[in-house]
Amino acid sequence: MRFFTSFVLIFLCTFAKAQEITVLDKETSQPIFNVAIFNTDKSKSILTNFDGKADLSRFSNREIIFFRHVSHEEYHSTKRQVRERNNLVLLEPLQNQLTEVVLSVSKFEQEKKDLPQRVVSFNQKDIITSSPQTSADLLQASGQVFVQKSQLGGGSPMIRGFSTNRLLITVDGVRMNTAIFRGGNVQNIISIDPLAVERVEVVLGPGSVIFGSDAIGGVMNFYTLTPAFSIAKGGSFSGKAYTRYATANDEKTGHVNFSYGKKKWAFLTSASYSDFGDMRMGSDGPNEYLRHEFVVRRDGQDYIFENENPKVQAPTGYEQVNFLQKIRFKPSAEWDYNFGVIYSTTSDFPRYDRLYRERDGVLRSAEWYYGPQKWLQTNFQINKVGNGQIYDQAKFTAAYQFFEESRNDRDYREEILFQTEEQVDAWSVNLDFEKRYSANTFFYGLEYVLNTVNSEGFETNIVSGENFPGISRYPDDASWQSMAAYGSFQWKLGPDLTLQTGARYNHILLKAEFDEEMYDFPFSDANLNTGALTGSAGINWRQNDIFGWQLNFSTAFRAPNIDDVGKIFDSAPGMVVVPNPNLRSETAYNAELGSRINFDKKIQFDFAAYYTLLDNALVRRDFDLNGQTLIDYQGEPSRVQAIQNAAKAYVYGFEAGAKLKFSKNLKFITQVSVTEGKEEQDDGSTAALRHAAPFFGNAHLVWENEVLRFDFFGEYNGEISYEELAPSEQDKAYLYAIDDDRNPYSPEWYTLNFRSQYQIGKGWTATVSLENITDQRYRTYSSGIAAAGRNLILALGYNF
């Protein structure tokens, strides 16, 4: 009986899988989201998911099925005919139509062709094709997001001259930025598993009207895998297994996800494990990047050993585990309940750029590493479709997140290990609505966010094992709150002209108390009670079948957080940053103009030019503490600095892309970005803005058909000379190459790469990539670790 039951379940699962079809764009072979599938009298209907998949089990074999999408020609066929074509449906794009649905601008579906903002998006097929080791690598592959790395376990995005806490990250609609996101480089984005991501949308430019504080340079929205329903008897079971190996850092990654769906219930489980070894750099490039020696502790003593292979950056390796669980319940067409749990943790990982700093010609640090970076997100979402007077769609999101990070450092041949540990509890509630008025749409909502920060400091004698209280990084038990209301209106002024306006009011409360026994500050607490009003107005005009225009004006803000107000840390050798409770929000004013040119979809160009002014900029400047400008910190005389509203800054730039389609199978794609930024100095002069990336871009020559894809591509970065480096970067000569005048600078570089992907029969996909073919030795701007040298990547995936 047990065998018979198992046989029946296997048969039902196989049958249900056979009912699943995939809808692709006939020209690009990309999956099409939100295709309406229905029968003649529309008594049966279903929509495709982000992967273009849908279950046709509700339709009979001889029933005529219609496939309709706003940007493609309508198509009809019987289910039997679809199954005979290997469950593939290819839709012909409408002539001169460029349409894609995005969620990031209003939190509800909007057609990309109507938006005044620039949005970069990629789906899971793009992710698997590019084989990124982390989500930071995934963003960098887009050619429109620059990524800095201080260590292998890192990746700090830069967009339009802004970075870290001037950019916002959301995962499944929940903000990931916390009250301790700093102005220096952050690596929280590596906690997002790229193999568990269904779609990424990056809004270039301000997004404070919808997302609030921090959304100055851009918003990075990650949408994780979604469980799918099925009306097949017994439900449907599907999944994916994926494995990857890379030679440059001996990477070994494994991933698996399972999904089980019934008519009203759906479940999805995803897990990934990665083991990264020490990164090997290339052979052709600056010798300053070579790792000639490192510290090893043996028999209770620190020793400096010669590195047998200076191209191997030791130590840089670490391990990471990611987990995702989702449960979805849809009792009716009107209600959709979603519960998700995301968990990520790393092993300890070295802060590599601190391990080769020298003091008096000798390596300064014996060890400098981050403890496990942990992130837990639980979120509960309710989606309601209605026909009420105040909304047509409503979305409620409640989330709790937990973050943990720590820092551990010890100087060479010293016994004291300095340690700090931070934990953040983050609660948030969002209520968002969409209301349609004929062709116009009103979006509005409310948001509440609460962060509490726990911070401790320790000093451990590694010889005796004794523990002592130490200086914490932040005031313990500090809190940061945000309350907001927003509204945005999309006006269809004509079939080819759309106006979108919006406004948001945000109120921020911050409270922190300093330990007077530990700190000798001229203040005992910090309290912030402030508000910010932001707005935006933009138009999208499709002038004709060839030209389209985007014009957008917006403001954005960033409220001071616990990191700005209360942090104490060493920013560089001989400098220490201390708290400053007298801070205000910084405000950005942005204008941008973009254009799209489309010649019968054979030749396409797009460009955007922008200018952003940042007022009351929160910047790090020299400071005095009780009249002292120099204090002793961890045994070293250090110049005192603090975050201050001490400057104005401006950024302007240009982004351009082109796509040339030579034939059905062959195309050329390129993207370039130019950013220039200046920041006001104490003496009134201006200097380079730290997070203004150099000229960068990529170019791809792609040939593909239904089963095979070849991609030969190049990536390149321009030079930043010593004179063009920000003053804070000029002080970090150890990060850079040295020019003929013995000054640090960031050299230009390029890589040539080849990637291939092959569909091996039903369900199997193999990817082979050879990156940095010429074995260039380079560091991306401001990075502390050299990128991979010649790197062979082998990946194999199986969908079932």
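About the cut-offs
Residues numbered from 1 in each chain as written. Predicted model: local features only at pLDDT ≥ 70, side-chain atom pairs only at ≥ 80, totals over all residues. Heavy atoms only, no water. Helix = DSSP H or I, 4+ residues; strand = E, 2+ residues; numbered from the N terminus. Rg over C-alpha atoms; globule rule 2.2 N^0.38 Å. Contact = heavy atoms within 4.5 Å. Areas by Shrake-Rupley, 256 points an atom, 1.4 Å probe, with all protein chains shown as cover. Salt bridge = Lys/Arg side-chain N within 4 Å of Asp/Glu carboxyl O. Buried < 20%, exposed > 50% of the residue type's maximum accessible area, 1.4 Å probe, protein only. Patch = residues over 30% accessible without salt bridge, like charges linked within 9 Å, V, L, I, M, F, W, Y side chains within 5 Å. Pairing = 2+ DSSP bridges. Axes fitted to C-alpha atoms, helices over the stretch in contact; angles between N-to-C directions. Polar contact = N/O pair within 3.5 Å; in protein donor to acceptor, adjacent residues only side chain to side chain. Core = buried A, V, L, I, M, F, W, Y, C linked by side-chain atoms within 4.5 Å. pLDDT = per-residue confidence, 0-100. Phe/Tyr/Trp six-rings, centres within 6.5 Å; stacked < 30°, edge-to-face > 60°. Lys NZ or Arg CZ within 6 Å of the ring centre and 35° of its normal. Lys, Arg positive; Asp, Glu negative; His and termini not counted. Charge placed at Lys NZ, Arg CZ, Asp CG, Glu CD.

**A few points about the overall build of the chain**
Here is step 1 of the chain: Looking only at helices and strands, the chain has 7 helices and 54 strands in total.
Here is step 2 of the chain: Against the globule reference of 28 Å for 800 residues, the chain gives a C-alpha radius of gyration of 27 Å, in line with a compact fold.
Here is step 3 of the chain: Dimensions of the chain, computed from C-alpha atoms along their principal axes, come out at roughly 85 × 60 × 55 Å.
Here is step 4 of the chain: The contacts of the chain with a sequence gap of at least 6 include a subset with a gap of at least 24, amounting to 66%.
Here is step 5 of the chain: Of the roughly 32,600 Å² of accessible surface on the chain, 55% is carried by carbon and sulfur atoms.

**A few points about the pattern of salt bridges**
Here the idea is simple: oppositely charged side chains can pair when their charged atoms come close.
Here is step 1 of the chain: Under the counting rule described, the total for this entry stands at 43 salt bridges.
Here is step 2 of the chain: Salt-bridge contacts for lysine 113 lead to glutamate 111; the nearest nitrogen and oxygen are separated by 2.9 Å.
Here is step 3 of the chain: On the accessibility criterion, glutamate 111 (23% relative accessible area) is partly exposed.
Here is step 4 of the chain: Of the charged contacts, one joins arginine 199 and glutamate 201 as a salt bridge, the two residues approaching to 2.8 Å between their closest N and O atoms.
Here is step 5 of the chain: The exposure class of glutamate 201 is buried, given its relative accessible area of 0%.
Here is step 6 of the chain: Connected through salt bridges with shared partners, the residues Glu111, Lys113, Asp114, Lys492, Asp496 and Arg542 form a single ionic network.

**Brief notes about a nonpolar patch on the surface**
Here is step 1 of the chain: Residues Phe662, Leu701, Trp703, Phe710, Phe712, Tyr750, Leu752 and Phe754 make up a contiguous nonpolar surface patch of about 700 Å² in total accessible area.
Here is step 2 of the chain: Counting residues per element, the ones that place at least two in the nonpolar patch are strand S48 (696-704), strand S49 (708-717) and strand S52 (749-760).
Here is step 3 of the chain: Here the nonpolar patch takes 3 residues from S52, the largest share from any one element.
Here is step 4 of the chain: Position of phenylalanine 662 relative to the elements: it lies in the loop between strand S45 (636-661) and strand S46 (666-680).
Here is step 5 of the chain: Relative accessible area serves as the criterion here: at 52%, phenylalanine 662 is assigned to the exposed category.

**Notes on the sheet that holds strand S17 (residues 218-224)**
In any sheet, the strands associate via hydrogen bonds between backbone groups, in a parallel or an antiparallel arrangement.
Here is step 1 of the chain: The strand order across the open sheet built from 5 strands is S10-S16-S17-S14-S15, with neighbouring strands paired in mixed fashion. A single partner strand is all that each edge strand has here, and the edge strands are strand S10 (118-123) and strand S15 (174-175).
Here is step 2 of the chain: Bridge count for strand S14 (residues 167-171) against S15 is 2 bridges, and the pairing is antiparallel. Within S15, the position partnered with threonine 170 by the bridge is arginine 175.

**Focus on the sheet that holds strand S4 (residues 53-55)**
Here is step 1 of the chain: Spatially, 3 strands are ordered S4-S1-S7 in an open sheet, and the strand pairing comes out mixed. Looking at strand neighbours, the two that pair on one side only are S4 and strand S7 (88-91), the edges of this open sheet. Across the sheet, the mean angle separating the axes of adjacent strands is 30° when strand polarity is ignored.
Here is step 2 of the chain: Note that strand S1 (residues 20-25) and S4 share 3 bridges and pair antiparallel. What sits directly across from glutamate 20, in S4, is aspartate 55.

**What to know about the side chain of serine 783**
Here is step 1 of the chain: Checked against the element boundaries, serine 783 lands in the loop between strand S53 (764-771) and strand S54 (791-799).
Here is step 2 of the chain: Classification of serine 783 as buried rests on a relative accessible area of 2%.
Here is step 3 of the chain: Engagement of the side chain of serine 783 in a polar contact is seen with the side chain of threonine 780, the distance being 2.6 Å.

**Observations concerning the nonpolar core**
Here is step 1 of the chain: Membership of the largest hydrophobic core comes to 98 residues, with the highest contact counts inside it found for Leu139, Ile189, Ile192, Val202, Met220, Phe222 and Ile562.
Here is step 2 of the chain: Tallying contributions element by element places S45 first for this core, with 6 residues.
Here is step 3 of the chain: Residues within four places of leucine 139 in sequence aside, it is in contact with Phe122, Val145, Pro157, Ile189, Val200, Val202, Met220 and Phe222.
Here is step 4 of the chain: Ile21, Ile37, Leu56 and Leu91 belong to the second largest nonpolar core, which has 14 residues in total.

**So, the confidence of the model for the chain**
Here is step 1 of the chain: Overall, the prediction assigns the chain a mean pLDDT of 91, with 96% of residues at 70 or greater.
Here is step 2 of the chain: Below pLDDT 50 for its whole length, residues 1-17 participates in 10 contacts with residues either more than four positions away or in separate chains.

**Observations concerning the side chain of asparagine 717**
Here is step 1 of the chain: Following the sequence through the fold, asparagine 717 ends up in strand S49.
Here is step 2 of the chain: Residue contacts for asparagine 717: discarding those within four places in its chain leaves Phe146, Pro694, Phe695, Phe696, Glu748 and Trp749.

**A look at the packing of aromatic side chains**
Here is step 1 of the chain: Following the criterion strictly, the structure yields 36 aromatic pairs and no others.
Here is step 2 of the chain: Seen from their ring centres, tyrosine 303 and phenylalanine 305 are 6.5 Å apart, and the 80° between their planes marks the pair as edge-to-face.
Here is step 3 of the chain: Accessibility expressed as a relative area gives 30% for phenylalanine 305, which makes it partly exposed.
Here is step 4 of the chain: The rings of Tyr391, Phe433, Tyr437, Phe442, Tyr444, Phe489 and Trp491 are connected pair by pair, giving a single aromatic cluster.
Here is step 5 of the chain: In this structure, lysine 395 is placed above the aromatic ring of phenylalanine 108, and the distance from its NZ or CZ to the ring centre is 5.1 Å.

**Describing the environment of glutamate 748**
Here is step 1 of the chain: As for its placement among the helices and strands, glutamate 748 is situated in the loop between strand S51 (744-745) and S52.
Here is step 2 of the chain: With a relative accessible area of 59%, glutamate 748 lands in the exposed category.
Here is step 3 of the chain: For the pair glutamate 748 and phenylalanine 696, spaced 52 residues apart in sequence, the C-alpha to C-alpha distance is 9.5 Å.
Here is step 4 of the chain: Dropping the residues within four chain positions of it, glutamate 748 is found in contact with Asn717, Gly718 and Glu719.

**Structural notes on the pairing of strand S23 (residues 301-306)**
Here is step 1 of the chain: Judged from the 6 bridges that link them, strand S22 (residues 293-298) and S23 form a sheet pairing that is antiparallel. When the bridges of S23 are listed, arginine 297 appears paired with aspartate 302.

**Looking at the pairing of strand S12 (residues 156-159)**
Here is step 1 of the chain: Neither face of S12 is exposed, since Ser156 and Met158 on one face and Pro157 and Ile159 on the opposite face are all buried.
Here is step 2 of the chain: As judged from the 3 bridges shared by strand S11 (residues 146-148) and S12, these two strands associate in the antiparallel manner. Bridging from a neighbouring strand, valine 147 pairs with proline 157 of S12.
Here is step 3 of the chain: Alignment of S12 against strand S13 (residues 162-163), held across 2 bridges, turns out to be antiparallel. Looking at S13, one finds that isoleucine 159 is bridged to phenylalanine 162.
Here is step 4 of the chain: Between S12 and the antiparallel strand that follows it, S13, lie 2 residues; arginine 160 among them carries a positive phi value of about 50°.

**Topic: unusual backbone geometry**
Here is step 1 of the chain: Here alanine 314 and proline 315 are connected by a cis peptide whose omega angle stands at -5°.
Here is step 2 of the chain: Position of proline 315 among the secondary structure elements: in the loop between strand S24 (312-313) and strand S25 (318-329).
Here is step 3 of the chain: In the Ramachandran plot, asparagine 86 falls in the positive-phi region, its phi being about 60° despite a non-glycine side chain.
Here is step 4 of the chain: Position of asparagine 86 relative to the elements: it lies in the loop between helix H2 (79-84) and S7.
Here is step 5 of the chain: The class for asparagine 86 is exposed, based on a relative accessible area of 68%.
Here is step 6 of the chain: Unlike most non-glycine residues, serine 782 shows phi in positive territory, near 70°.
Here is step 7 of the chain: You can see serine 782 is positioned in the loop between S53 and S54.

**Points about a negative patch on the surface**
Here is step 1 of the chain: Together, Glu456, Asp476, Asp477, Glu513, Asp515, Glu516, Glu517 and Asp525 make up a region of like negative charge exposed at the surface.
Here is step 2 of the chain: With respect to the element layout, aspartate 515 can be found in the loop between strand S37 (497-513) and strand S38 (525-541).

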